Amino acid sequence: IVTPAPPPEIVLTAAIVGAEVTRAQTPYLPITPQEIADEAARCREAGAAVIHLHVRNDDGSSTQSADRFAAAIEAIRAKTDCIIQVTTGGAVGMSIEERSGPLACRPEMATLNCGTINFGDDVFVNTRREIRDLAARIRKAGSVPELECYEVGHIEEALLLVKEGTLTGPLHFQFVLGVPGAIGAREEHVRFMRSLVPAEASWAVAAVGRHQQPMTELAMRLGGHARVGLEDNIYLSKGVLSEGSAPLVLRAAQYARSIGRTPADPATARKLLGVGA
Ligand code: KMH
Ligand code: ZN
């Protein structure tokens with residue numbers, strides 16, 4: 001009897017807040033630290049191992065305040081064991097100093113945005129000098145970076161930082177697809193981007209709007225990890241708002257299981273991503 005190999009684990013990330021989504025667009029957006037923690041716990045229950053975290057002021061505006069992050073992280077920690085990955089992208093127009101705010105909390109993970117893009121009508125600026133600066137700050141905070149790549153060249157930029165020693169392992173890439181002004185959400189793009197990633201690195205897909213479900217499912221079939229949640233997409237299906245990020249996580253987890261993959265629990269995800277190593 002041949003025992004089949006255990007199905008490979010998949011790390012599901014829930015992006016539950018974001019910087020751009022508003023309560024006017026969806027009433028299900030969590031804003032206060034307690035709302036964020038409650039949603040994080042629901043997402044963990046649904047199969048998420050990582051919470052990608054932005055925070056808001058009480059009026060809903062985006063902030064990178066270390067105090068506000070500390071409050072949200074404490075509330076999340078009281079309810080779940082998820083990996084907390086803070087944003088250093090913040091919102092368009094913020095300075096690098098401001099974007100670095102949450103690193104004061106010494107989070108387990110933090111995003112590192114690997115290049116400049118048009119972001120709809122705005123420009124999301126990440127110069128090489130700024131990327132190096134943030135990479136150093138992330139390392140100093142003891143956090144594992146997630147390398148946000150909105151274009152093919154961003155992967156090459158990250159690899160250049162590895163070559164010069166600015167970035168060191170573990171390397172975890174995120175291909176962000178479908179941002180208006182950056183790479184589109186297409187299967188060929190995912191396959192090409194994946195081909196550029198070193199064999200020992202891990203990778204995931206996040207995709208915007210209606211592309212979220214098909215592109216994350218593609219990533220799961222191709223052996224990658226996936227991110228879903230209201231930051232990138234507020235709809236469960238056409239015209240139907242998702243009641244928070246948890247239903248999107250649950251659907252992704254169900255899909256993963258349907259193709260023989262297992263949503264990783266946070267302890268397993270820590271091993272897979274080299275967090276706490
Ligand atoms: N809000 C976007 C401009 C990240 O979290 O690192 C950037 C962003 C990326 O959300
Ligand atoms: Zn984000």
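The rules we used
- Residues numbered from 1 in each chain as written.
- Chains lettered and ligands numbered in written order.
- Predicted model: local features only at pLDDT ≥ 70, side-chain atom pairs only at ≥ 80, totals over all residues.
- Heavy atoms only, no water.
- Helix = DSSP H or I, 4+ residues; strand = E, 2+ residues; numbered from the N terminus.
- Rg over C-alpha atoms; globule rule 2.2 N^0.38 Å.
- Buried < 20%, exposed > 50% of the residue type's maximum accessible area, 1.4 Å probe, protein only.
- Contact = heavy atoms within 4.5 Å.
- Areas by Shrake-Rupley, 256 points an atom, 1.4 Å probe, with all protein chains shown as cover.
- Lys, Arg positive; Asp, Glu negative; His and termini not counted.
- Charge placed at Lys NZ, Arg CZ, Asp CG, Glu CD.
- Donors = N, O, S within 2.8 Å, 3.2 Å for Na, K, Ca; no water.
- Near = heavy atom within 4 Å.
- Polar contact = N/O pair within 3.5 Å; in protein donor to acceptor, adjacent residues only side chain to side chain.
- Phe/Tyr/Trp six-rings, centres within 6.5 Å; stacked < 30°, edge-to-face > 60°.
- Pairing = 2+ DSSP bridges.
- Axes fitted to C-alpha atoms, helices over the stretch in contact; angles between N-to-C directions.
- Core = buried A, V, L, I, M, F, W, Y, C linked by side-chain atoms within 4.5 Å.
- Parallel < 35°, antiparallel > 145°, perpendicular 65-115°, else oblique.
- Nonpolar A, V, L, I, M, F, W, Y, C, P; charged D, E, K, R; others polar.

Trainee: Before we move on, can you summarise the overall build of the protein with the specific residues and values?
Mentor: Of the regular secondary structure elements, the protein holds nine helices and 16 strands. Relative to the 2.2 N^0.38 estimate, which gives 19 Å for 277 residues, the radius of gyration of the protein is 17 Å and therefore close to what a compact globule would have. Classification of the 277 residues of the protein by burial places 55% in the buried group. A fraction of 71% describes how many contacts in the protein between residues 6 or more apart in sequence connect residues 24 or more apart. As presented, the protein carries roughly 11,800 Å² of accessible surface, and 53% of it is formed by carbon and sulfur atoms. Distance between charge centroids for the protein: 4 Å, based on 28 positive and 32 negative side chains.

Trainee: A description of the coordination of the zinc ion (ligand 2) should follow, citing residues and the corresponding values.
Mentor: Every protein donor of the zinc ion (ligand 2) is accounted for by His52 (NE2), His54 (NE2) and Glu231 (OE), and the metal-donor separations fall at 2.1 Å. When the donor residues of the zinc ion (ligand 2) are listed from N- to C-terminus, their spacing reads H-x1-H-x176-E. You can see His54 sitting in the loop between β3 (50–53) and β4 (55–56) and its partner Glu231 sitting in the loop between β13 (225–228) and β14 (235–237), a full 177 residues away along the chain. Just as His54 is buried, Glu231 falls in that class too.

Trainee: Give a description of the site of ligand 1 that names residues and reports values.
Mentor: Surveying the vicinity of ligand 1 reveals 14 residues, the closest of which are Glu20, Thr87, Gly90, Thr111 and Asn113. Within the side chain of His52, an N or O atom sits 3.1 Å from an oxygen atom of ligand 1. Within the contact set of ligand 1, an oxygen atom lies 2.9 Å away from a side-chain nitrogen or oxygen of Asn113. Calculation on ligand 1 without its partners gives an accessible area of 310 Å², and the protein chains cover 97% of this total.

Trainee: So what's going on with the environment of Val55? Residues and values would help.
Mentor: Relative to the helices and strands, Val55 is located in strand β4. Looking at Val55, the relative accessible area reads 3%, which means it is buried. Separated by 16 residues in sequence, Val55 and Ala71 place their C-alpha atoms 9.6 Å apart. Those residues in contact with Val55 that sit more than four places away from it in its chain are Ile36, Ser61, Ser62, Thr63, Arg68, Phe69 and Ala72.

Trainee: Summarise the packing of aromatic side chains; cite the residues concerned and give the values.
Mentor: Applying the stated rule across the entire model yields three aromatic pairs. Each ring, one from Phe124 and one from Tyr150, has its centre 6.1 Å from the other, and the planes form 85°; the classification is edge-to-face. With Phe124 in strand β9 (residues 122–124) and Tyr150 in the loop between β10 (144–149) and α5 (152–164), this residue pair connects regions lying 26 residues apart in the sequence. Take Tyr150: its relative accessible area is 8%, and that puts it in the buried class. Taken together through their ring pairs, the aromatic side chains of Phe119, Phe124 and Tyr150 make up a single cluster.

Trainee: So what about the sheet that holds β3? Which residues, and what values?
Mentor: Pairing between the strands of a sheet is mediated by backbone hydrogen bonds and can be parallel or antiparallel. Around the barrel, which closes on itself, the eight strands sit in the order β2-β3-β6-β7-β10-β11-β12-β13 with parallel pairing between neighbours. Strand-to-strand twist in this sheet, taken as the mean axis angle between neighbours without regard to direction, amounts to 25°. With six bridges joining them, strand β11 (residues 172–177) and strand β12 (residues 202–207) adopt parallel strand pairing. Of the residues in β12, the one forming a bridge with Phe173 is Trp203.

Trainee: Explain the side chain of Ser202 to me, and be specific about the residues and the numbers.
Mentor: By the secondary structure assignment, Ser202 is in strand β12. The exposure class assigned to Ser202 is buried, which follows from its relative accessible area of 13%. Here the side chain of Ser202 touches His172 through a polar contact of 2.7 Å, side chain to side chain. Excluding anything up to four places from it in sequence, Ser202 contacts Leu171, His172, Phe173, His225 and Leu273.

Trainee: Kindly report on the nonpolar core, identifying the contributing residues and their values.
Mentor: One finds Leu53, Phe173, Phe175 and Leu177 to be the most contacted residues of the largest nonpolar core, which totals 71 residues. With seven residues, the top contributor of residues to this core is helix α8 (residues 246–258). When neighbours within four sequence positions are excluded, Leu177 is seen to be in contact with Ile183, Gly184, Ala185, Val190, Met193, Val205, Ala206, Ala207, Val208 and Met215. Counting residues in each nonpolar core, the second largest holds ten residues, with Val50, Val144, Ala269 and Val275 among its members.

Trainee: Hey, could you go over the packing of α5 against helix α6 (residues 187–196) for me, with residue numbers and the actual values?
Mentor: The relative placement of two packed helices is expressed as an angle between their axes plus a distance between the axes. The geometry of α5 relative to α6 is characterised by a closest axis approach of 10 Å and an angle of 10° between their N-to-C directions. With respect to α6, the axis of α5 lies roughly parallel. Contacts from Val152, Ile155 and Leu159 of α5 reach α6 at Phe192, Met193 and Leu196. Of the residues assigned to the contact of α5 with α6, the class counts are six nonpolar, no polar and no charged.

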